[in-house]
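# Chains, contacts and geometry: an overview
Here's the letter readout for the chains.
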Amino acid sequence: METRPRQRSTVGKFVVAAVSAVLIGACASKASTSPQEAASLPGSTRTVCAKVAEVIEDPISDGPLHLYLDRPAPDQSLIVTIQDRKTAGNLRYLARTICVTGQIQQSSDGTRIIVQRAAQVSVSPDPIPEVDVAQTQAHRGQAVRVCGPLHSLEWKPGSDLEATLVVGSGDSDSSLWVNVLDRRGLEIQPGMPVKKVCVTGFIRSDSADRPLVVVRDTREVTAEK
């Protein structure tokens, strides 16, 4: 007597799962506009998907949060401005792929979409790509998480806020230089024993053509002690 209901329940679950998969696939196949195409469509409302290369907070408390897509400022393909940081909640956007829906606007610093509601932005659940520090060179021009041994950590001379750390061996071919703009909140200190450090950010080049990540939020630096 109990077998048939259990079978129907199992079949029902299968049907629901199958329908869900179809719906998810349909949503994923919705046409989106690339950030580059968006520049030629001012005034229209579109969904744009791309990776966040840089996140800059407005200095005003709870003010705008600016997400720079594909590349950091001023070379970004599109800026997503979240008007009220409370709208973003505790979400972390750096190095993640997002989709944003809104009206495309042209501003003095490039193409922009302004976000008023949390529902306008979705964040991919995929994990941030993680690479070993020895592979840093191959990932220049990308937003990733780089992990490796801590070579050095120093407070920048003449600055009360900045710090410089080097992940890897210290050799320019297999290391990453990190410029921390505000070290307050950094969980490691000079001289502290650390097994491994991970840094999330966009890998660019410094003045000596070494791979560099600029850190604006100390949460993007984690350490295994």
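Before reading on, note that the structure itself is shown above.
About the thresholds
- Residues numbered from 1 in each chain as written.
- Predicted model: local features only at pLDDT ≥ 70, side-chain atom pairs only at ≥ 80, totals over all residues.
- Heavy atoms only, no water.
- Salt bridge = Lys/Arg side-chain N within 4 Å of Asp/Glu carboxyl O.
- Helix = DSSP H or I, 4+ residues; strand = E, 2+ residues; numbered from the N terminus.
- Buried < 20%, exposed > 50% of the residue type's maximum accessible area, 1.4 Å probe, protein only.
- Contact = heavy atoms within 4.5 Å.
- Pairing = 2+ DSSP bridges.
- Core = buried A, V, L, I, M, F, W, Y, C linked by side-chain atoms within 4.5 Å.
- Phe/Tyr/Trp six-rings, centres within 6.5 Å; stacked < 30°, edge-to-face > 60°.
- Lys NZ or Arg CZ within 6 Å of the ring centre and 35° of its normal.
- Disulfide = S-S within 2.5 Å.

Moving on, we come to the pattern of salt bridges. By the definition in use, this model includes nine salt bridges. In this structure, Glu54 engages Arg216 in a salt bridge whose closest nitrogen and oxygen atoms are separated by 3.0 Å. Highlighted residues: Glu54 in strand β1 (residues 45–57) and Arg216 in the loop between β14 (211–215) and β15 (221–224), separated in sequence by 162 residues. Judged by relative accessible area, Glu54 falls into the buried class, the value being 6%. Judged by relative accessible area, which is 42%, Arg216 ranks as partly exposed. A salt bridge links Glu220 to Arg92; the nearest nitrogen and oxygen atoms lie 3.3 Å apart. One end of the pair, Glu220, is in the loop between β14 and β15; the other, Arg92, is in the loop between α3 (85–88) and β4 (97–107), with 128 residues separating them in the sequence. Take Glu220: its relative accessible area is 11%, and that puts it in the buried class.

This brings us to the environment of Ala50. Checked against the element boundaries, Ala50 lands in strand β1. Each C-alpha atom, one on Ala50 and one on Cys99, is 6.7 Å from the other, the two residues being 49 residues apart in sequence. Non-local contacts of Ala50, meaning those with residues more than four positions away in its chain, are made with Pro35, Leu69, Asp70, Arg96, Thr97 and Ile98.

What follows concerns the sheet that holds strand β11 (residues 175–180). Read across the open sheet, the five strands follow the order β9-β10-β11-β14-β13; overall the sheet is mixed. Looking along the sheet, the strands with just one partner apiece sit at the ends: β9 (150–155) and β13 (204–205). Bridging between β13 and β14 involves two bridges; their strand directions are antiparallel. From the neighbouring strand, Arg204 faces β14, where its bridge partner is Leu212.

Membership of the largest hydrophobic core comes to 20 residues, with the highest contact counts inside it found for Leu165, Val167, Leu176, Val178 and Val199. Elements with a contribution of two residues or more to this core: β8 (143–148), β10 (163–168), β11, β12 (196–202) and β14. Excluding residues within four positions of it along the chain, Leu176 makes contact with Val133, Thr136, Val146, Leu165, Val166, Val167, Val199, Pro211, Leu212 and Val213. Ranked by size, the runner-up nonpolar core spans 18 residues in total, among them Ala50, Leu65, Val80 and Ile104.

Moving on: the pairing of β8. Where burial is concerned, most of β8 is hidden: five out of the six residues are buried. With three bridges joining them, strand β7 (residues 130–132) and β8 adopt parallel strand pairing. Bridged to Asp132 within β8 is Cys147. Note that β8 and β12 share six bridges and pair antiparallel. If you follow Cys147 over to β12, its bridge partner there is Cys198.

What follows is about the packing of aromatic side chains. According to the stated counting rule, one finds zero aromatic pairs in the structure shown. One cation-aromatic arrangement involves Arg183 over Trp155; the distance from NZ or CZ to the ring centre is 4.4 Å.

Think of a disulfide as a covalent bridge from one cysteine sulfur atom to another cysteine sulfur atom. Evaluation of the coordinates by the stated rule reveals two disulfides. Each sulfur of the disulfide joining Cys49 and Cys99 lies 2.0 Å from the other. Here the disulfide of Cys49 and Cys99 is right-handed, its torsion about the S-S bond being about 110°. Here the residue Cys49 occupies a position in strand β1, and Cys99 occupies one in strand β4, the gap between them amounting to 50 residues. The disulfide partner of Cys147 is Cys198, and the gap between their sulfur atoms is 2.0 Å. Judged by the torsion about the S-S bond (115°), the Cys147/Cys198 disulfide is right-handed. One end of the pair, Cys147, is in strand β8; the other, Cys198, is in strand β12, with 51 residues separating them in the sequence.

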